[in-house]
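# Residue-level structure breakdown
Residues per chain, in single letters:
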Amino acid sequence: HEQQQQQQPPPQQRWPQGDVFDEQRRARVLRALGDAAVRRVKAAVDAAFAANSNASLGAHTRAVVVVIDDEVVAEKYAVDDGITMNTPLVGWSMTKSILNALVGMRVADGALDVAAPLLFHDDDDDDVGGDDGIAKQAAVRQQQQRGGSVPTLEHGLRMVAGIDFVESYDPLVPRDPAKMLFGADGARSVAAYVRRKAQRDEPGSVWRYCSGTSNLVSRAFRHSFGDDDDDVAHVRAADYATSRLFRPLGMKSAVMEVDAAGHYVASSFSLATARDWARFGLLYLHDGVWRGGQRLLPQGWVDFTSAATPQSTNSSYGAHWWLGTGEALKGGFNNYPKLPLDAFFASGYEGQYVAVLPSARAVLVRLGCDKGGAFAFSLTDLAEATVAATATTPPPHDAQQHWWSA
């Protein structure tokens, strides 16, 4: 009898912690939205896949999930590609937004301070890679000392650290991102490659999107546990994302990859299912508090994250999250969707999105493989359908915030 009990599978958990929906609550949400609004949202979801059969259009959607009032209102997967709700999909630069959460949690732990100097050209040369790397770093350190200005962790999160790093993805001419990610010049970690770079601008003066900056922030995160040669610190840091973020959220599929030095490759390398990406968005929709009233991000962190960096183009960037500007823009690193002014979103190469729309009480997830890496897909239509669905609809009768904290 005891053996039979041990072999029984664990009970399935309710959404959002698990994948079993409370059908009564979900029905109340759908009824409140109304059939016409739900049909418009589902039509926008279908439209997101329309280009998949025409390669010349560039956009290729793999998964879409729409969450309104904490319930999955619509979702669809590219089943012809073998994609299902259980398929982990790469986030690319959405990993930067996960890093934002990890830094916030370490701030709450008292282990990091956003006003503290960013670990950049310090005296730890262990991961720089050979005499040449150490010499390059020493030269940059002298330049920085002469300038007398050192970037802070907040400068890194807001992409105003001023590092001389070329964010280009030309497949014919390898640039800094590819060299950083794939160990060029003998660097033994992604941060080591960036630590050789010169200080191009005065910290805080110029906004420049820079994946290298994210890996310096990741290195600061790693060093908040101890030095690179501290094995215990290495294990604690490597497990942190899983034990402190993914597991509490029920993000069972989520993975953040590390480099040879044990640092998260926080510029680029993470995977999760579409529903798990939606769970991540829900954490930010609820100001860093998870279902059951568990605060994972410190009070005020989401406000800090979604506050505009004034140096950024059209004030479109916060702290490792992009911001809604109320208009659609093209160019740079986004086919920039038209989102409400209070919206903010994670965005990744080849058209990955997790958008948080507080005024619409919604989270949108779109995962794709847009051809040639171009941002051929725009989230605008899906966002507009979602905003319209909630514009005249109050939260469900259970008072959303009370249900979430119960």
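In this text the structure is predicted, and so the values were computed from the model without any measurement. (Residues numbered from 1 in each chain as written. Predicted model: local features only at pLDDT ≥ 70, side-chain atom pairs only at ≥ 80, totals over all residues. Heavy atoms only, no water.)

## Description of the pairing of strand β12 (residues 352–357)
Here is the rule we go by: Burial classes follow relative accessibility: with a 1.4 Å probe on protein chains only, a residue under 20% of its type's maximum area counts as buried, one over 50% as exposed, and anything between as partly exposed. Helix numbers and strand numbers start at the N terminus; a helix is a DSSP run of H or I with at least 4 residues, a strand a run of E with at least 2. Only strands joined by at least two bridges in the DSSP assignment are considered to pair.
Taken across its 6 residues, β12 has 6 buried, putting it largely inside the fold. Of the two faces of β12, the one carrying Q352, V354 and V356 and the one carrying Y353, A355 and L357 are both buried. Where strand β11 (residues 344–348) and β12 come together, 5 bridges link them in antiparallel fashion. Directly across from F345, in β12, lies its bridge partner A355. Taking the residues between adjacent antiparallel strands as the criterion, β11 and β12 are bridged by 3 residues, where E350 takes a positive phi near 65°. When β12 meets strand β13 (residues 362–368), the two strands line up antiparallel, connected through 5 bridges. Looking at the pairing, V354 lines up with V365 of β13. In sequence, β12 turns back onto β13 through a hairpin of 4 residues, with R361 there showing a positive phi of about 55°.

## Quick notes on a negative patch on the surface
Note the threshold: Like charges are joined within 9 Å and nonpolar side chains (Val, Leu, Ile, Met, Phe, Trp, Tyr) within 5 Å, but only among residues with over 30% relative accessible area and no salt bridge; these make up the patches. Here, Shrake-Rupley sampling with a 1.4 Å probe gives the accessible areas, and only protein chains in the shown set may cover a residue. Salt bridge, as applied in this entry: a Lys or Arg side-chain nitrogen positioned within 4 Å of an Asp or Glu carboxyl oxygen. A residue counts as positive if it is Lys or Arg and as negative if it is Asp or Glu; His and the chain ends are not included. Think of each charge as sitting on NZ of Lys, CZ of Arg, CG of Asp or CD of Glu.
On the surface, D227, D229, D230 and D231 cluster together into a patch of negative charge. With respect to the helices and strands, the residue D230 is situated in the loop between α9 (211–223) and α10 (231–249).

## Overview of empty space enclosed by the protein
Under the convention used in this document: Cavities and pockets were defined on a 1 Å grid built over protein atoms only: a cavity is a set of grid points that admits a 1.4 Å probe from which the probe cannot escape, a pocket is an open set flanked by protein on both sides within 12 Å along at least five of seven lines, and lining residues are those with an atom within 4 Å of any such point. Grid points are joined across faces, edges and corners, and a volume is the space filled by probe spheres set on the points. Each residue is assigned to one of three groups, with Ala, Val, Leu, Ile, Met, Phe, Trp, Tyr, Cys and Pro labelled nonpolar, Asp, Glu, Lys and Arg labelled charged, and all others, Gly among them, labelled polar.
Enumeration over the complete set of coordinates arrives at 2 cavities of 30 Å³ or more. The volume enclosed by the largest cavity comes to roughly 40 Å³. Of the residues in the lining of the largest cavity, the class split is 6 nonpolar, 2 polar and 1 charged. Taken as a whole, the second largest cavity holds about 30 Å³ of empty space. Residue lining of the second largest cavity: S93, K96, S97, Y209, Y317, H320, W322, A346 and S347, and that is the complete set. The residue inventory of the lining of the second largest cavity, partitioned by class, reads 4 nonpolar, 4 polar and 1 charged.

## Here we look at the sheet that holds strand β5 (residues 270–272)
In space, the 3 strands of this open sheet follow the order β3-β5-β4, with antiparallel pairing throughout. Strands at the two margins of the open sheet, each flanked by one partner only, are β3 (89–90) and β4 (255–256). Relative to β5, β4 runs antiparallel, the two sharing 2 bridges. Looking at β5, one finds that V255 is bridged to L271.

## Quick word on the layout of surface pockets
Taken as a whole, the largest pocket spans an internal volume of roughly 340 Å³. Per element, the largest residue contribution to the lining of the largest pocket is 4 residues, and it comes from helix α7 (residues 176–181). Of the residues belonging to the lining of the largest pocket, the class tally is 11 nonpolar, 6 polar and 3 charged.

This is a description of form; function is not addressed.
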